[in-house]
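# Architecture and fold: a report
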Amino acid sequence: MSVILDFLIVFISIIMLWKGADWLVDSAAEIAHTLKVSDLIIGLTVVAFGTSAPEFAVTISAAITKQTDISIGNVIGSNIFNLGFILGGTAVIRPISTNKKMFNRDGLFLLIVTALIFFLFFGFNGWTPDDAYTRYEGLILFSLLLGYVAFLFIKKDPPEEINPSSASYLSYVYFFIGLILIVYGGHLMVTHASIIARYYGISDWVIAVTIVAAGTSAPEFATSIAAAIKGRHGIAVGNLIGSDLFNLLGVLGLAGIINPSVITQDIFGSVFLLVMMVGLTLLLIRTKWKISRLEGALLVSINLIRWYFDFAS
């Protein structure tokens, strides 16, 4: 009987995710118009910060308890999942229009940040870790996030005219209700899907790299698909690029400040794959200024292959 209840809660959590994403996207677009900024900026900042809440909670908790592999691995794994399954999956469902600003400003900055983290972890002793991820390095990352957000709002883009309605009091209410629904819905899905998986004899490791990875990224997934379907491509892509930046600079930065870590060689492959994924995503953004269904399928396939080798090892 309890397993039936878990299935019911998972079903309810999916409804929470989709309804929350629907409200979040519509209200975010109205808020962007009122603040006279573009959907892309709102996606890169406010929406991205909100949908990164699960990664923030897991990583900071792991940093406080000195679980280094979980602390760093959750951020790197979530970013790969964002660019692979979520961006790719969204494009498969609905091709995503891109633009020069996504590529020249935000995409290139994400590539630089990802390469910087690779350098911080592995760049001092050739191809081996330099052993320490220090508070100083965490502070550098977090400072870059503050500078980037400040730059976005100082050099703000004009709003799109897809839906020119301005935000009302209810827009802000729906924004926060939508955010709560997708964050809590993701939490419920992870918790009860994991219980179901254990009931059927699935190992904790498989649960971690599938259900937990998907669950903590569920807010980004629901938000990006809802935004793409509504034609809000700036929110759809900005949410994912912004979420990756918040994860790398904000979450990983704070984790380093809270608890300096020892970097293990096991992390090398995942960080290197993330650099490659960001580079490939930039290339796809640039080709014809659209991520097609075929290109989306390529991103999803890379993530599936990565999971296969995780299981094999």
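Okay, so let's go over this structure. It should be emphasised that the depicted structure is a prediction, and the values quoted were computed from it without experimental measurement.

### Quick look at the overall build of the protein
Within the protein, the regular secondary structure consists of 12 helices and four strands. A total of 313 residues make up the protein; the buried ones form 52% of that total. Carbon and sulfur atoms make up 72% of the accessible area of the protein, which amounts to about 13,800 Å² in all.

### Structural notes on the nonpolar core
If you look at the biggest cluster of nonpolar residues, it comprises 76 residues, and the most contacted ones within it are Phe-121, Phe-122, Leu-245 and Leu-248. At 11 residues, the largest contribution of residues to this core is made by helix α10 (residues 233-258). When sequence neighbours within four positions are dropped, the list of residues in contact with Leu-245 reads Phe-109, Leu-110, Val-113, Tyr-148 and Gly-250.

### Quick notes on the packing of aromatic side chains
Going through the model one piece at a time under the given rule, you end up with six aromatic pairs. Each ring, one from Trp-23 and one from Tyr-174, has its centre 5.1 Å from the other, and the planes form 55 degrees; the classification is tilted. Here Trp-23, found in helix α1 (residues 2-34), pairs with Tyr-174, found in helix α7 (residues 169-199); they are 151 residues apart in sequence, far enough to count as distant. On the numbers, 5.5 Å between centres and 90 degrees between planes, the contact of Phe-175 with Phe-176 is edge-to-face. You can call Phe-175 buried: its relative accessible area is 4%.

### What about the packing of helix α2 (residues 39-51) against α10?
For the pair α2 and α10, the least separation of the axes is 7 Å and the interaxial angle reads 50 degrees. One element, α2, and the other, α10, form an angle in the oblique class. Relative to α10, the crossing made by α2 is right-handed. In this structure, α2 contributes Asp-39, Leu-40, Gly-43, Leu-44, Thr-45, Val-47, Ala-48, Phe-49 and Thr-51 to the contact, and α10 contributes Gly-234, Ile-235, Gly-238, Asn-239, Ile-241, Gly-242, Ser-243 and Phe-246. The class makeup of the residues in the contact of α2 with α10 is eight nonpolar, eight polar and one charged.

### With respect to the side chain of Thr-90
Inspection of the secondary structure assignment puts Thr-90 in helix α4 (residues 68-93). Every residue in contact with Thr-90, bar those within four places of it in the chain, is listed here: Phe-85, Ile-96, Phe-221, Ser-224, Ile-225 and Ala-228.

### Examining the side chain of Thr-45
Mapping Thr-45 onto the fold places it in helix α2. From its side chain, Thr-45 meets the backbone oxygen of Ile-41 in a polar contact 2.6 Å long. Setting aside anything within four residues of it in sequence, one finds Thr-45 in contact with Val-149, Leu-152, Phe-153 and Phe-246.

Calculation rules
Just so you know, the residues in each chain are numbered from 1, in the order the chain's sequence is written. For a predicted model such as this one, the threshold for reporting local features is a pLDDT of at least 70, and the threshold for listing and counting side-chain atom pairs is 80 or more; totals across whole chains, interfaces and linings nevertheless cover every residue. To get the side-chain values, all heavy atoms of the structure are used, and hydrogens and water are removed first. Only DSSP runs of H or I covering at least 4 residues are called helices, and only runs of E covering at least 2 are called strands; the numbering of each starts at the N terminus. Residue burial is assigned from relative accessible area. The probe radius is 1.4 Å, only protein chains are included, and a residue is buried under 20% of its type maximum, exposed over 50%, and partly exposed in between. Each accessible area value is a Shrake-Rupley result obtained with a 1.4 Å probe; residue values ignore everything except the protein chains displayed when judging cover. Among buried residues, those of type Ala, Val, Leu, Ile, Met, Phe, Trp, Tyr and Cys that are joined through side-chain atoms within 4.5 Å constitute a nonpolar core. Any two residues whose heavy atoms approach within 4.5 Å at even a single point are treated as in contact. Two aromatic rings from Phe, Tyr or Trp, using only the six-membered ring of Trp, form a pair when their centres are within 6.5 Å; if the ring planes differ by under 30 degrees the pair is stacked, by over 60 it is edge-to-face, and anything between is tilted. Axis angles are defined between N-to-C directions and span 0 to 180 degrees, where every axis is a line fitted to C-alpha atoms and, for a helix, only to the segment in contact. By definition in this entry, angles of less than 35 degrees are roughly parallel, angles greater than 145 are roughly antiparallel, angles of 65 to 115 are roughly perpendicular, and the rest are oblique. Left-handed describes a crossing whose near helix is turned anticlockwise from the far helix by less than a right angle; the clockwise case is right-handed. Note that Gly is not counted as nonpolar here; it falls among the polar residues with everything else outside the nonpolar set of Ala, Val, Leu, Ile, Met, Phe, Trp, Tyr, Cys and Pro and the charged set of Asp, Glu, Lys and Arg. Within 3.5 Å is the distance limit for a polar contact, defined as a pair of N or O atoms, with the added protein rule that one can donate a hydrogen and the other accept it, and that residues adjacent in sequence qualify only through two side-chain atoms.

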